[in-house]
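Summary of structural features
Take a look at the letters that make up each chain.
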Amino acid sequence: PRSTLFPYTTLFRSITGIIRAPPDYRSLILLAETPLRTGVHYRLGITGKVTDCTGNIADTTHWVWFAIPGFPVQGDLVVNEILFDPRGDGSRFIEVYNRSDKVLDFHDIILAASKTPEITEPGAFSQVSGNRLIFPGDYFALAHDPDDLKARYRIFYPDLVLEMDNFPSVGNDSGYIALLSRGREETIDKIRYSETMHYPLLSSNEGVSLERVHPDVPSDYSDNWKSAAQTAGFATPGYRNSQWHGHLGSTVNLSLEPEVFSPDNDGLDDLLGIRIREDEPGFSVTINIFDHRGQLMRSLVSHAYAGNEALFFWDGINSAGQKAPVGLYVIAVELFRPDGRVKRAKAVAALATLH
């Protein structure tokens, strides 16, 4: 299940010694030929005929990845998916994604949840037991009851759904979730979630997770969170989100990705990505959406501050909270500079339906 976003390096080194670790001698300490290096991904396997004390032969086809982990800092790990309102008495879960090029360890990470932004109440903090490495591009779903998730949703990689006995208290309508570094108490990522962030035309939010659209868009941008698609079973614990939007990298000032989208929550082109890129940082963005007759359908963004580039999403909902009809729409963008300069651009998108 490893992501292909980052290449893996395999350095073959011989094991020069094996020490049985007391007190129960159920684990081994391996002595490598050369010291291991930070930033290198190693793979451990067994060759030859190796048996335990009762004669069971070791599996020589299975390999294990390992590395010396780095310490997490802000932005390395992000909250990627949240199921805060499960169906019935089902299990909640919070999924994290390693967007960095570092190998991280859950031992250094604290998961916190609260109804208030300060996150100070008892029982708000939790950790995964023991050491578990998080490689670049890895998704991990943290849950109170992984077996319940496996019974309700498609779980492609069971090993990436981890149990937390003291799962923090997550409100079923709104709240805050944070990832903190252990010991240093620095915030790695923090979001405020709310039931109002769900797709407004869903008959019920129960059992539907909120998915992060793109890991590089700031966590506090509410339009970067969408309801999981029905075709994905309304949740994707332990693998890439159904609403993931991977288009980042246009060389023009304004681009739409895709130009034809179908916002029916089926996981296929549900969102219109509005990508802006400028050579000069420090501009504010206003985005208005008009229909083919020139009528304002929605004021999507108003004076949002941005750096060199920005990415916004339209889910096809108009200002009245209703699904906009099929047709062509003009995306009008205005960029404002502190010195008074204004730049304008327009592009046309098509709202279609597959049904």
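Attention here is on the structure that accompanies the text. (Residues numbered from 1 in each chain as written. Predicted model: local features only at pLDDT ≥ 70, side-chain atom pairs only at ≥ 80, totals over all residues. Heavy atoms only, no water.)

1. Description of the overall build of the protein
- Of the regular secondary structure elements, the protein holds one helix and 24 strands.
- Seen along its three principal axes, the alpha-carbon backbone of the protein occupies a region of about 80 × 50 × 45 Å.
- For the protein, buried positions account for 47% of its 355 residues.
- Taking all contacts inside the protein whose residues are at least 6 apart in sequence as the whole, residues at least 24 apart take part in 61%.
- For the protein, the accessible surface area stands at approximately 18,300 Å², while carbon and sulfur atoms represent 51% of it. (Helix = DSSP H or I, 4+ residues; strand = E, 2+ residues; numbered from the N terminus. Buried < 20%, exposed > 50% of the residue type's maximum accessible area, 1.4 Å probe, protein only. Contact = heavy atoms within 4.5 Å. Areas by Shrake-Rupley, 256 points an atom, 1.4 Å probe, with all protein chains shown as cover.)

2. Structural notes on unusual backbone geometry
- Residue P22 is joined to P23 through a cis peptide bond whose omega torsion reads 10°.
- Of note, P23 is situated in the loop between β1 (15-21) and β2 (27-32).
- Cis geometry marks the peptide bond from E257 to P258; its omega dihedral reads -5°.
- Take P258: it is sitting in the loop between β17 (254-257) and β18 (260-261).
- A positive phi is found at D269, a non-glycine position, where the angle reads about 50°.
- The class of D269 is partly exposed, set by a relative accessible area of 38%.
- Even without a glycine there, the phi angle at H303 is positive, about 55°.

3. Notes on a nonpolar patch on the surface
- There is a patch of nonpolar side chains on the surface, built from I15, I18, L28, L30, L44 and V64 and spanning about 510 Å² of accessible area.
- For the nonpolar patch, the secondary structure elements donating two or more residues are β1 and β2.
- Considering the arrangement of structural elements, one finds L30 in strand β2. (Patch = residues over 30% accessible without salt bridge, like charges linked within 9 Å, V, L, I, M, F, W, Y side chains within 5 Å. Salt bridge = Lys/Arg side-chain N within 4 Å of Asp/Glu carboxyl O.)

4. Here's the deal with the environment of G273
- Positionally, G273 belongs in strand β19 (residues 272-277).
- Residues G273 and V40, spaced 233 residues apart in sequence, show a C-alpha to C-alpha distance of 35 Å.
- Discounting chain neighbours no more than four positions away, the residues touching G273 are H245, S255, L256, E257, L311, F312 and F313.

5. Re the nonpolar core
- Counting 31 residues, the largest nonpolar core has I274, I276, V285, I287, W314, I331 and V333 as its most contacted members.
- When residues of this core are traced back to their parent elements, those giving at least two are β17, β19, β20 (283-291), β21 (296-306), β22 (309-314), β23 (327-336) and β24 (342-351).
- In terms of residue count, β22 provides more of this core than any other element does, five residues in total.
- Ignoring sequence-local partners within four residues, the contact set of I274 consists of L254, S255, L256, I287, L300, A310, L311, F312, I331 and V333.
- Counting 28 residues, the second largest nonpolar core, distinct from the first, contains I82, L104, M164 and I188. (Core = buried A, V, L, I, M, F, W, Y, C linked by side-chain atoms within 4.5 Å.)

6. Here we look at the pattern of salt bridges
- Under the definition given, this model contains 10 salt bridges.
- Residue R99 pairs with D216 through a salt bridge whose shortest N-O separation is 2.8 Å. Placement of R99 in the loop between β6 (93-98) and β7 (104-105) and of D216 in the loop between β15 (210-212) and β16 (225-227) is noted, with a sequence separation of 117 residues between them.
- Its relative accessible area of 45% is what places D216 among the partly exposed residues.
- For the salt bridge of D315 with R298, the shortest nitrogen-to-oxygen distance reads 3.2 Å. Taken together, the residues D315 in the loop between β22 and β23 and R298 in strand β21 connect sequence positions 17 residues apart. Side by side, D315 and R298 carry an identical accessibility label, which is buried.
- The network of salt bridges with common partners includes D89, D148 and R152.

7. Thoughts on the pairing of strand β13 (residues 174-181)
- Of all the eight residues making up β13, eight are buried; the element is thus mostly covered by neighbouring parts of the structure.
- Of the two faces of β13, the one lined by S174, Y176, A178 and L180 and the one lined by G175, I177, L179 and S181 are each fully buried.
- Strand direction decides the pairing type here: strand β8 (residues 109-114) and β13, joined by six bridges, are antiparallel. Residue pairing across strands places A113 opposite I177, the latter belonging to β13.
- Strand direction decides the pairing type here: β13 and strand β14 (residues 187-194), joined by seven bridges, are antiparallel. Note on β14: the bridge partner recorded for G175 is Y193.
- The hairpin formed by β13 and β14 contains five residues between the paired strands, and G183 there has a positive phi angle of roughly 90°. (Pairing = 2+ DSSP bridges.)

8. Quick notes on the side chain of T286
- Here T286 lies in strand β20.
- Here the side chain of T286 touches H303 through a polar contact of 3.1 Å, landing on its backbone nitrogen. (Polar contact = N/O pair within 3.5 Å; in protein donor to acceptor, adjacent residues only side chain to side chain.)

9. Considering the sheet that holds β24
- Taken in spatial order, the five strands make up an open sheet running β18-β24-β23-β20-β21, and their pairing is mixed. Edge positions in the sheet fall to β18 and β21, since each of these pairs with one other strand and no more.

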